[in-house]
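# Understanding the architecture of this molecule
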Amino acid sequence: MGSLAPMPAPVVTVANLRKRYGNFTAVSDVSFDVAEGEIFGILGPNGAGKTTTVESLQGLRSIEGGEVSVLGFDPRTNAAEIRRRIGSQLQESALPDRMKVWEALDLFGSLRAGGRDWRELLGDWGLGHKSEARFGSLSGGQQQRLFVALALANDPQLVFLDEMTTGLDPASRRVAWELIRRIREQGTTVVLVTHFMDEAETLCDRLVVIDAGTVVAQGSPQGLIARYGGGARVCFSHGDGNLTWLRNVPHVTDVQRNRDRVEVRGDGPVLAYVAAALVERGIAPVDLRQERATLEDVFLALTEEEPE
Ligand code: ADP
């Protein structure tokens, strides 16, 4: 059965990556593996070292220390081999406004023999009617789709998407998420750099959280939430009265109050115990509910600065 299936070979391995800019250490110790066919997230606050890490993998930065392999190649010695086989999303200003959509795709596809036919790519990404349009005339969402299409033009085995939904409105972000899932469905491994927690939580199979140049956690979103999310959270509104007695209810670990909003922390069946205890005392809040911890809770718990 599934449990006996061999793990797919890693397409990226990073062990103890270290990178300095002058005297400043941007990446001090980063290690992770990306398996074939997954959407792997690199998450962290601004300045954490995410872009430096992915640029090092693509052979765009020199590396001071550690071992890195991308599709079996070392970016220090075989960057050209890697770049032929990967796709990378462009930064926003990378295309001239006057360039036509088809010209950009034709150019990028020509970088590798056997690259994808641009007509097919345009259709795939909903830009079939835009091939003659100039880049500058496209909407933000269309430009985004073109960037994804360009990243796929050389038919890559692995694609790096760095902050691809930054600046998109909520509807365009949802569309972008679907596009990312489609890339994976077509067999391409995706490395996604993002600082959006909801994006990482919905899209990534596994992710690594980087803070100040080091890995502070890695795993699946649900695994990280279970481990670092702070347990269950039961919330309700209650106008007045002392509720500190709730601390003695089984499975409750903490009770916090912010005006009339009460938040009870606990574990396992805490919701049932809190509900029963409240009703027993004649309190029946209509909005009693358990709130799910999110990746954001994990992120804040892991990257919060220690108080001085
Ligand atoms: P992230 O992508 O997580 O926001 P970066 O990898 O871009 O982080 O940057 C990590 C740190 O390295 C930041 O403090 C940034 O200011 C610094 N940095 C990035 N590029 C350079 C550079 N070319 N020269 C000097 N410092 C840099």
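Residues numbered from 1 in each chain as written. Predicted model: local features only at pLDDT ≥ 70, side-chain atom pairs only at ≥ 80, totals over all residues. Heavy atoms only, no water.

Relative orientation of the contacting elements helix H8 (residues 221-228) and helix H10 (residues 295-303) amounts to 55 degrees, with a least axis distance of 9 Å. Taken together, the axis directions place H8 and H10 in an arrangement best described as oblique. Viewed along their axes, H8 and H10 form a crossing whose handedness is left-handed. The segment H8 lies against H10, with Pro 221, Leu 224, Ile 225 and Tyr 228 engaging Leu 295, Asp 297, Val 298, Ala 301 and Leu 302. Residue composition of the contact of H8 with H10, grouped by class: eight nonpolar, no polar and one charged. (Axes fitted to C-alpha atoms, helices over the stretch in contact; angles between N-to-C directions. Helix = DSSP H or I, 4+ residues; strand = E, 2+ residues; numbered from the N terminus. Parallel < 35°, antiparallel > 145°, perpendicular 65-115°, else oblique. Left-handed = near helix turned anticlockwise from the far one by under 90°. Contact = heavy atoms within 4.5 Å. Nonpolar A, V, L, I, M, F, W, Y, C, P; charged D, E, K, R; others polar.)

Among the five residues that make up strand E6 (residues 158-162), five are buried, leaving the element largely enclosed by the rest of the structure. What you see with E6 is no split at all: Leu 158, Phe 160 and Asp 162 on one side and Val 159 and Leu 161 on the other are buried throughout. Of the pairings in the sheet, the one linking strand E5 (residues 86-88) to E6 comprises three bridges and is parallel in character. Across the sheet, Ser 88 pairs through a bridge with Phe 160, a residue of E6. Examined bridge by bridge, E6 and strand E7 (residues 189-194) share five bridges and lie parallel to one another. Note that in E7 the partner of Leu 158 across the bridge is Thr 189. What joins E6 to E7 is helix H6 (residues 170-185), and the crossover it makes is right-handed. (Buried < 20%, exposed > 50% of the residue type's maximum accessible area, 1.4 Å probe, protein only. Pairing = 2+ DSSP bridges. Right-handed = clockwise from strand over helix to strand, strands pointing away.)

Now for the environment of Cys 204. If you trace the backbone, Cys 204 turns up in the loop between helix H7 (197-203) and strand E8 (206-211). C-alpha separation for the pair Cys 204 and Gly 22, spaced 182 residues apart in sequence, amounts to 33 Å. Beyond its immediate chain neighbours, meaning those up to four positions away, Cys 204 contacts Ile 39, Phe 40, Gly 41, Leu 192, Glu 199 and Pro 221.

With respect to spatial proximity, the complete set of residues near the ligand consists of Tyr 21, Phe 24, Ala 26, Pro 45, Asn 46, Gly 47, Ala 48, Gly 49, Lys 50, Thr 51, Thr 52 and Arg 61. The side chain of Lys 50 places a nitrogen or oxygen atom 2.9 Å from an oxygen atom of the ligand. Within the side chain of Thr 51, one N or O atom sits 2.8 Å away from an oxygen atom of the ligand. Coverage of the ligand by the protein amounts to 60% of the 570 Å² it exposes when considered alone. Of all the secondary structure elements, the ones that give two or more residues to the shell around the ligand are strand E2 (24-35) and helix H1 (50-57). Residues belonging to the shell around the ligand are distributed by class as follows: five nonpolar, five polar and two charged. (Near = heavy atom within 4 Å. Polar contact = N/O pair within 3.5 Å; in protein donor to acceptor, adjacent residues only side chain to side chain. Areas by Shrake-Rupley, 256 points an atom, 1.4 Å probe, with all protein chains shown as cover.)

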